[in-house]
Amino acid sequence: MATGGVASVEVENREWYVASYAPTGIPNSEHLKQRTVSLSLREDSIPDGHVTFQVLYVSIDPYVRTQLSGLDDGLSLPQIPLGQVIRALGMGKVIQSKDTKFSEGDIVLSRICPVSEFGVMPSNLLQKITPAIGIALPDYLSCLGMPGITAWVGIEKIGNAKAGSNVYISAAAGGVGIIAGQLAKVKGCRVVGSVGSDDKVKLLKEECGYDDAFNYRVETDYDAALTKYFPNGIDVYFDNVGGKMLEAVLNHVNHGARIALCGMISEYNKVWTEREGVRNLLNMVGKEVMMKGFMVGSYYNHFEEFIKEMEVYLKEGKIKSKHKIYNGIESFLESLASLFSSSNVGKVILQVTP
């Protein structure tokens, strides 16, 4: 239990909430707003079985966009009620605890952390982590967090990537894609990624070990690009994009190919009737292709297996993390919008507290 300092006062807590839904386009300051509320950090103000914490980092992920549309569509995630605080994967430091399993100073993770400077949550919704030597805290929101296990599930459990497989990753420099490609390389695959800038092409090839990469804004004929980069066809496709890219991939899959549908960021800001259709699904029949969509929460029973494997790769330098850090709670809207601009490399993270 904390007895002094910040825990003995009432703080002004800045938080982001949903003012109105954005069914199309990128949410802006009309939809998402910041407000300041008073929050008591005194021990006697905390309910039993709860923990008060200072938010350190918030993970900025595309799936949050789908909870801001006001539509029951796509990922089928519950919409955040109007007027309520936005929640995301986040990390904090315990200030006060009414649970003996947590103490002042503990670092905790939550998949429903408030996008705010402080939080009070039931302890059963928090996971305590003990940071390993040589592993930075943001890695627990990227390589060792939701993006990491998402990439691992798509490559390992669904893609079943084996040495010699031809693997294609779209949005390959994003928070999930950049890990998925490196995992495939560790397993001995030939890996090609598509990205939105020449600088990202260079990054994937020179720093992340990709065999090749292309800029989809330059090579806009996706069918021609995949003919060029996959002369022997595609065995595993990790799809972060959907739309026209998924359609092009289906013209290049090998017999028995596996497609892991992780996300479709090209379509998130549109209502379903405006999204790109896929016209060549018949290719899946003739080539007996397995295409599976997945929500990573369904695979958390594999989390310990994933952590053991990934920590070894990080410590051995086989996988490198890349983060784009936005500073201050006031930067949340900017950081969310950046996901749709191709301006970031790696995992987008909001650092709330220095």
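Reading the values: the criteria
- Residues numbered from 1 in each chain as written.
- Predicted model: local features only at pLDDT ≥ 70, side-chain atom pairs only at ≥ 80, totals over all residues.
- Heavy atoms only, no water.
- Salt bridge = Lys/Arg side-chain N within 4 Å of Asp/Glu carboxyl O.
- Helix = DSSP H or I, 4+ residues; strand = E, 2+ residues; numbered from the N terminus.
- Buried < 20%, exposed > 50% of the residue type's maximum accessible area, 1.4 Å probe, protein only.
- Pairing = 2+ DSSP bridges.
- Axes fitted to C-alpha atoms, helices over the stretch in contact; angles between N-to-C directions.
- Contact = heavy atoms within 4.5 Å.
- Parallel < 35°, antiparallel > 145°, perpendicular 65-115°, else oblique.
- Nonpolar A, V, L, I, M, F, W, Y, C, P; charged D, E, K, R; others polar.
- Expected span 1.5 Å × (residues − 1).

**Q** I'd like a description of the pattern of salt bridges, backed by residues and values.
**A** Going through the model one piece at a time under the given rule, you end up with 18 salt bridges. The partner of Arg 35 in a salt bridge is Glu 15, with the nearest N and O atoms 2.7 Å apart. Here the residue Arg 35 occupies a position in strand E2 (residues 32-40), and Glu 15 occupies one in strand E1 (residues 10-18), the gap between them amounting to 20 residues. You can call Arg 35 partly exposed: its relative accessible area is 28%. Two residues, Lys 101 and Asp 99, come together in a salt bridge whose shortest N-O distance is 3.2 Å. One salt-bridge network, in which partners are shared between bridges, spans Arg 14, Glu 117 and Glu 330.

**Q** Account for the sheet that holds strand E12 (residues 253-261), with residues named and values stated.
**A** Overall, parallel pairing links the six strands, which are arranged E10-E9-E8-E11-E12-E13 in an open sheet. Every interior strand has two partners, whereas the edge strands, strand E10 (212-215) and strand E13 (290-293), have only one. Within the sheet, the average angular offset between the axes of one strand and its neighbour, ignoring direction, is 15 degrees. The pairing of strand E11 (residues 234-239) with E12 spans five bridges and is parallel. Bridge assignment links Ile 234 to a residue of E12, and that residue is Val 253. Strands in contact with helix H3 (residues 198-206) are strand E9 (190-195) and E10; relative to E10, the strand with the most contacts, it is inclined by about 170 degrees. Contacting strand E8 (166-169), E9, E10 and E11, helix H4 (residues 222-229) runs over the sheet at an angle of about 165 degrees to E10.

**Q** So what about the environment of Asn 160? Which residues, and what values?
**A** For Asn 160, the location among the structural elements is in the loop between helix H1 (146-158) and E8. With 169 residues separating them along the chain, Asn 160 and Ile 329 place their C-alpha atoms 39 Å apart.

**Q** Would you mind going over the pairing of strand E4 (residues 87-97) in detail, with residue names and values included?
**A** Judged by how many residues are buried, E4 sits mostly within the fold: nine of eleven residues are covered. Pairing geometry for strand E3 (residues 50-59) and E4, over seven bridges, is antiparallel. In the sheet register, Gln 54 faces E4, and the bridge partner there is Lys 93. As judged from the six bridges shared by E4 and strand E5 (residues 107-114), these two strands associate in the antiparallel manner. Within E5, the position partnered with Arg 87 by the bridge is Pro 114.

**Q** Could you give an account of the packing of H1 against helix H7 (residues 303-315), with specific residues and numbers?
**A** In contact at an axis separation of 11 Å, H1 and H7 are set at 95 degrees when each is read in the N-to-C sense. When the axes of H1 and H7 are compared, the pair comes out roughly perpendicular. Residues Gly 148, Ile 149, Trp 152, Glu 156 and Lys 157 of H1 pack against Phe 303, Glu 305, Phe 306 and Glu 309 of H7. A breakdown of the residues in the contact of H1 with H7 according to their chemical character gives four nonpolar, one polar and four charged.

**Q** With reference to specific residues and values, describe the side chain of Gln 67.
**A** Considering the arrangement of structural elements, one finds Gln 67 in the loop between E3 and E4. Non-local contacts of Gln 67, meaning those with residues more than four positions away in its chain, are made with Tyr 21, Leu 77, Pro 78, Gln 79 and Ile 80.

**Q** Help me get a handle on the environment of Pro 147, residues and values and all.
**A** Examined against the element boundaries, Pro 147 turns out to sit in helix H1. Residue classification places Pro 147 among the buried positions, given a relative accessible area of 1%. Sequence spacing of Pro 147 and Ser 170 is 23 residues, and the spatial spacing of their C-alpha atoms is 15 Å. Not counting chain neighbours up to four residues away, the residues in contact with Pro 147 comprise Asp 61, Leu 141, Ser 142, Gly 175, Val 176, Ile 179 and Lys 347.

**Q** Give a description of helix H2 (residues 177-186) that names residues and reports values.
**A** Across the ten residues of H2, eight count as buried, placing the element largely inside the fold. Along H2, the residues that are buried comprise Gly 177, Ile 178, Ile 179, Ala 180, Gly 181, Gln 182, Leu 183 and Ala 184. Of the surrounding secondary structure, the elements contacted by the buried residues of H2 are H1, E8, E9, H3, E11 and H7.

**Q** So what about H7? Which residues, and what values?
**A** The end-to-end C-alpha separation of H7 is 18 Å, in line with the 18 Å expected for 13 residues at 1.5 Å each. Within H7, burial applies to Phe 303, Phe 306, Ile 307, Glu 309, Met 310, Tyr 313 and Leu 314. Next to the buried residues of H7 lie strand E7 (127-129), H1 and H2. With its phi angle positive at about 75 degrees, Gly 317 sits one or two positions after the end of H7.

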